[in-house]
Amino acid sequence: MEFGKGKGKVPLDAIAERAKKYQPKPKITYKMIQEYVEKKYGFKVHTAYIAEVKRSLGLTMYDAPNAVEELKQPRKCPPKEKVEAIADALKYFEVI
């Protein structure tokens, strides 16, 4: 099999395009979400708020080996504007 342009040859551009389709998506971090929200909306969001929004949407969470069974304080609900900003970021990164 020969690669290149011309009759009877396989074009390299087509192979590169097909390879891009099969590459795994990059992992989206909380830091990336925080940077997106700060850049677009102009305010910072805490990682706990991101985790709470992910929980409310039913997204998978990382199982922490040192997680406690019962929380000392109840989880705080993030403000509505921050929930919307985080949800927008998750849509932007194609998580939801």
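Everything below is about the structure shown above.
Bear in mind the structure is a predicted one, so any value in this text is a computation, not a measurement. (Residues numbered from 1 in each chain as written. Predicted model: local features only at pLDDT ≥ 70, side-chain atom pairs only at ≥ 80, totals over all residues. Heavy atoms only, no water.)

Caption draft 1: A look at unusual backbone geometry. Positive phi, normally seen in glycine, also occurs at Glu-94, with a value near 60°. Position of Glu-94 among the secondary structure elements: in the segment after α4 (80-92). A relative accessible area of 56% places Glu-94 in the exposed class. (Helix = DSSP H or I, 4+ residues; strand = E, 2+ residues; numbered from the N terminus. Buried < 20%, exposed > 50% of the residue type's maximum accessible area, 1.4 Å probe, protein only.)

Caption draft 2: Up close: the pattern of salt bridges. A complete count under the given rule lists two salt bridges for this structure. Measuring nitrogen to oxygen at the nearest pair gives 3.0 Å for the salt bridge that ties Asp-88 to Lys-40. With Asp-88 in helix α4 and Lys-40 in helix α2 (residues 30-41), this residue pair connects regions lying 48 residues apart in the sequence. A residue is classified by how much of its surface remains accessible, and Lys-40, at 48% relative accessible area, is partly exposed. Note that Arg-55 is salt-bridged to Glu-52, the shortest N-O span being 3.3 Å. Taken as a pair, Arg-55 and Glu-52 lie in helix α3 (residues 47-57) at a separation of three residues, close to a single helical turn. (Salt bridge = Lys/Arg side-chain N within 4 Å of Asp/Glu carboxyl O.)

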